[in-house]
Amino acid sequence: MATVAAPGVSDSSTISTRTWPREGLTRVPYWVFEAADVYAAEQQRLFEGPAWNYLCLEAEIPNAGDFRSTFVGQMPVVVVRDRDGAINAFENRCAHRGALLALDDRGTVKSFSCVYHAWNYDLKGNLKGVAFKNGVRGEGGMPPSFCMEDHGPRKLRVESVAGLVFATLLPSAPALHEYLGDEIVARIERVLGGRTPVVLGRFTQSLPNNWKLYVENVKDSYHASILHLFFTTFGLNRLSMRGGIIVDPSGGHHVSFSAIDRAAEKDQEYASQQLRSEHESYKLADPTLLEGFDEFPDGVTLQILSVFPGFVLQQIQNVIAVRQILPRAVDRTDLHWTYLGFADDTPQQRTIRHKQSNLVGAAGYVSMEDGCVGGFVQRGIASAADECAVLEMGGSTAESSESRATEASVRGFWKAYRAAMGL
Amino acid sequence: MTDAFAQIAALNARYARCIDDGALAEWPDFFCERCLYKVTTAQNYNDGLEAGLIYADSRAMLVDRVSALGEANIYERHAYRHILGAPFILAQDDAGTRAETSFLVVRIMRDGTSDVFASGRYVDVVRLDGDALKLAERIVVCDSSRIDTLLALPL
């Protein structure tokens, strides 16, 4: 049975006795999805370790004092725009007795004041005021030795790429650009670079499974045409597509993409047959669902990009969204979707984005199944902690490939995970 | 009791019964041919954010939703029980009647687990289409920002 760990209190000491199967990247032991010690160690070694964690969009905190509260793994975090335009992030925890500093998901403040005893912090997370510090009428108060500079919530290092704000707890972590690598940065830039994103909606999906089962699913290009039958059922497969998988050298980040093959589409006859139904009996009654507009000159109609450990940027036709994957318990995960448009969208383009968004999210034609399949695994492995998943599709390495019939990017995740976790 | 109140209450009762009895093929018929059916959250609705978990601007798109649920999408068997409040009539004009109705939806999974899956309100525009009262607009505003696992059957 999966054991639910209370946040931050479970013991990670037994993790050192665990050994990964000798087959390496082609096997994943199921205890990794079920064990409380693993879950506790992930917080220390991964989320508060070398990882860069996605926090929010720059566009969500445009003005001084604008903040959002979010999480790094289980750690509550405030991310706030400072008066000089910089973005700061610090633990959402008062240095006095540990209460949350920000109780709202977002807002605008001049400073943060703990509701418990009114200890006050500036927008950098520095302690600036302690109520009754000098006592009342000469009685009580803090001792003279108390130094406010010695007390404060933990601060994070913050860096952005193309308007996406990431943070790390590890002072010695490489810079964000170095962490991502040129290839991943370029793939983020092709969707978001130089554009002004506008939030179109936010949705949270509660997943009944360990967070890594969802990450595996995102990186798993093998399942796409098997589990998700919407496109094949309605005969919406484009024949003239090319695509591939990019796995970065660390293994942790990946891109899966498909694009219109411009060369093949030059053949007019071929182009006229590009939408061929394999099941003639099913056709969309309203095919305007899939009417798109030419947004990307490179012809890429699908790009799923993940950043280790828990961030996804998706472009599915004209549906742009970011997904933040947050662990809530060993067997519970929050998936936060933020749907994006851009400031220069026309009303027609906006409507197209809204209609295509039927493809994604908790009710999405091509992503609904991803919400439940992790739970099927979590329940399936209930008494199989010492058994292993098999990841041999496409070989045993974690490298880029032109074929999507591969589990290379899933193996890549485990490569990066094991490196961070020391497993 | 006004006609509008009684008619919308009756429409809602038929609507809930249709979904809860599993007669999904008939569900699109509650809508005008040109319509808006959207499922969103109170936070998005209050912030004026327009995206939906489901966003359909034609009855045909609802027909496709039903076909996809039956033929393409994979999810564990489950059913809903809708408990609806009384409609509150907001306005009546040439465009139709604007009304709000609270809902509570219990989801019953195949193993018998019953949970409150969603609560919220329908924000509707109802009008005569021929001789039948139909939904020109139904914005399903869920109180919670959270959907458990997935949203398959319509609310």
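Each remark here, short or long, concerns the structure printed above.
Given the structure is predicted, the values throughout are model-derived calculations rather than measurements.

(A) Representation of the overall build of chain A. The helix and strand tally for chain A stands at eleven helices and 19 strands. Taking 423 residues into account, the globule formula puts the C-alpha radius of gyration at 22 Å, and chain A, at 23 Å, falls close to it. For the C-alpha atoms alone, the extent of chain A along its principal axes is close to 90 × 55 × 35 Å. Counting only residues that meet the buried cut, chain A has 57% of its 423 residues in that class. Across chain A, contacts joining residues at least 24 apart in sequence account for 65% of those joining residues at least 6 apart. Within the structure as shown, chain A displays about 17,700 Å² of accessible surface, and the carbon and sulfur contribution to it stands at 51%. Of the charged side chains in chain A, 41 are positive and 49 negative, and the gap between their average positions amounts to 4 Å.

(B) Focus on the overall build of chain B. Scanning chain B from terminus to terminus reveals three helices and eight strands. Walking chain B from its N terminus toward its C terminus, one meets helices and strands in the order α-β-α-β-α-β-β-β-β-β-β. For 155 residues, the compact-globule formula gives about 15 Å, and the C-alpha radius of gyration of chain B, at 15 Å, lands near that figure. Taken over the C-alpha atoms alone, chain B extends approximately 45 × 30 × 30 Å along its principal axes. In chain B, which comprises 155 residues, the share counted as buried stands at 51%.

(C) Layout of the sheet that holds strand 16 (residues 311-316) of chain A. With respect to topology, eight strands assemble into an open sheet ordered 13(A)-14(A)-15(A)-16(A)-17(A)-18(A)-12(A)-8(B), the strand pairing being mixed. Each edge of the open sheet is held by one strand with a lone partner, namely strand 13 (241-247) of chain A together with strand 8 (146-148) of chain B. Put simply, the sheet's adjacent strands are angled 15 degrees from each other on average, direction ignored. Along the sheet face, helix 4 (residues 211-219) of chain A touches strand 12 (197-207), strand 14 (254-260), strand 15 (300-307), strand 16, strand 17 (319-329) and strand 18 (332-342) of chain A and points at about 155 degrees away from the line of strand 17 of chain A.

(D) Summary view of empty space enclosed by the protein. Residue and element names in this part refer to chain A. One pass over the full model with this rule turns up three cavities of 30 Å³ or more. Taken as a whole, the largest cavity holds about 80 Å³ of empty space. Together, 13 residues line the largest cavity, and Asn53, Tyr54, Gly310, Ile325 and Leu326 are the ones closest to its centre. Within the residue set of the lining of the largest cavity, elements represented by two or more residues are strand 2 (53-57), strand 3 (66-72) and strand 17. Broken down by element, the lining of the largest cavity gets its largest block of residues, three residues, from strand 17.

(E) Region of interest: the interface of chain A and chain B. Listed by partner, the interface residues are 40 residues for chain A and 38 residues for chain B. Interface area for chain A against chain B, summed over the two sides, is near 3,400 Å², with a carbon-plus-sulfur share of 52%. Of all residues in chain A, A:Phe203, A:Tyr365 and A:Met368 bury the most surface against chain B, accounting for 17% of the area lost on that side. Remark: the boundary between chain A and chain B carries four salt bridges. Across the salt bridge formed by B:Asp47 and A:Arg106, the nearest N and O atoms sit 2.5 Å from each other. At the junction of chain A with chain B, the criterion picks out 25 residue pairs in polar contact (both at pLDDT 80 or more). Mapped onto the side of chain A that touches chain B, the elements with two or more residues apiece are strand 12, helix 6 (230-233), strand 18, helix 9 (347-356) and helix 10 (368-380) of chain A. The element that contributes the greatest number of residues to the side of chain A that touches chain B is strand 12 of chain A, accounting for nine residues.

(F) Spotlight on the pattern of salt bridges. All names here are of chain A. Per the stated rule, a full pass over the model turns up 27 salt bridges over all chains. Its salt-bridge partner being Lys124, residue Asp82 comes within 2.7 Å of it at the nearest N-O pair. Here Asp82, found in the loop between strand 4 (75-81) and strand 5 (87-91), pairs with Lys124, found in the loop between strand 8 (120-121) and strand 9 (127-129); they are 42 residues apart in sequence, far enough to count as distant. Overall, the relative accessible area of 5% leaves Asp82 in the buried class. A salt bridge links Arg350 to Asp345, with the nearest nitrogen and oxygen atoms 2.9 Å apart. Where salt bridges share partners, they join Arg195, Glu295, Asp345, Arg350 and Arg353 into one cluster.

(G) Quick look at the sheet that holds strand 8 of chain A. Strand order in the open sheet formed by three strands is 7-8-9 (chain A), and the pairing between neighbours is antiparallel. This sheet does not close on itself; its edge strands, each paired only once, are strand 7 (112-113) and strand 9 of chain A.

(H) Quick peek at unusual backbone geometry. All names here are of chain A. Following Phe308, the chain continues to Pro309 via a peptide bond in cis, the omega torsion being 0 degrees. With respect to the helices and strands, Pro309 occurs in the loop between strand 15 and strand 16. Look at Ala162: it is not a glycine, yet its phi comes out positive at around 50 degrees. Positive phi, normally seen in glycine, also occurs at Gln317, with a value near 55 degrees. A relative accessible area of 23% means that Gln317 is categorised as partly exposed.

(I) Layout of the nonpolar core. Core analysis: the biggest nonpolar cluster contains 144 residues, and A:Leu164, A:Trp414, A:Tyr417, B:Trp27, B:Tyr37, B:Leu151 and B:Leu155 have the highest contact counts within it. Among the elements that make up this core, the one with the highest residue count is helix 11 (residues 408-421) of chain A (eight residues). When neighbours within four sequence positions are excluded, B:Leu155 is seen to be in contact with B:Tyr15, B:Ile19, B:Tyr37, B:Val39, B:Tyr80, B:His82, B:Val105, B:Phe117, B:Ala118, B:Tyr122, B:Val140 and B:Cys142. A:Val78, A:Leu127, A:Val130 and A:Met148 belong to the second largest nonpolar core, which has 17 residues in total.

The rules we used
Each residue is numbered by its place in its chain's sequence as written, counting from 1. Just so you know, chain letters begin at A and ligand numbers begin at 1, following the order they were written in. At least 70 in pLDDT is required for a residue's local features to be given in this predicted model, at least 80 for side-chain atom pairs to be given and counted, and no such filter applies to totals for whole chains, interfaces and linings, which use all residues. Water and hydrogen atoms were dropped before computing side-chain values, which therefore reflect all heavy atoms in the structure. Secondary structure elements are defined from DSSP: runs of H or I of at least 4 residues count as helices, runs of E of at least 2 residues count as strands, and each element is numbered from the N terminus. For the radius of gyration, the atom set is restricted to C-alpha positions; the globular benchmark scales as 2.2 Å times the number of residues to the power 0.38. Throughout this description, buried means an accessible area under 20% of the type-specific maximum (1.4 Å probe, protein chains only), exposed means over 50%, and partly exposed covers the range between. By definition, residues are in contact when any of their heavy atoms lie within 4.5 Å. The accessible surface values rely on the Shrake-Rupley method and a 1.4 Å probe; as for residues, cover is taken only from the protein chains in view. Positive charges are assigned to Lys and Arg, negative charges to Asp and Glu, while His and the chain termini are left out of the count. Positions of charges follow a simple convention, taking NZ of Lys, CZ of Arg, CG of Asp or CD of Glu. DSSP-based pairing: two strands are paired if at least 2 bridges between them are found. The angle between two axes is taken between their N-to-C directions and runs from 0 to 180 degrees, where each axis is a line fitted to C-alpha atoms and a helix contributes only its stretch in contact. Here the term cavity refers to a set of points on a 1 Å grid, laid over the protein atoms alone, in which a 1.4 Å probe fits but cannot get out; the term pocket refers to an open set having protein on both sides within 12 Å along at least five of seven lines, with lining residues being those that place an atom within 4 Å of a point. Grid points are joined across faces, edges and corners, and a volume is the space filled by probe spheres set on the points. Two parts placed together each lose some accessible area under a 1.4 Å probe, and adding up what both lose gives the buried area. For this document, the term salt bridge refers to a Lys or Arg side-chain nitrogen within 4 Å of an Asp or Glu carboxyl oxygen. For this analysis, a polar contact is any N or O atom pair within 3.5 Å, provided that within protein one partner can donate a hydrogen and the other can accept it, and provided that sequence-adjacent residues contribute only side-chain to side-chain pairs. Remark: nonpolar core denotes a set of buried residues (Ala, Val, Leu, Ile, Met, Phe, Trp, Tyr, Cys) joined through side-chain atoms within 4.5 Å.

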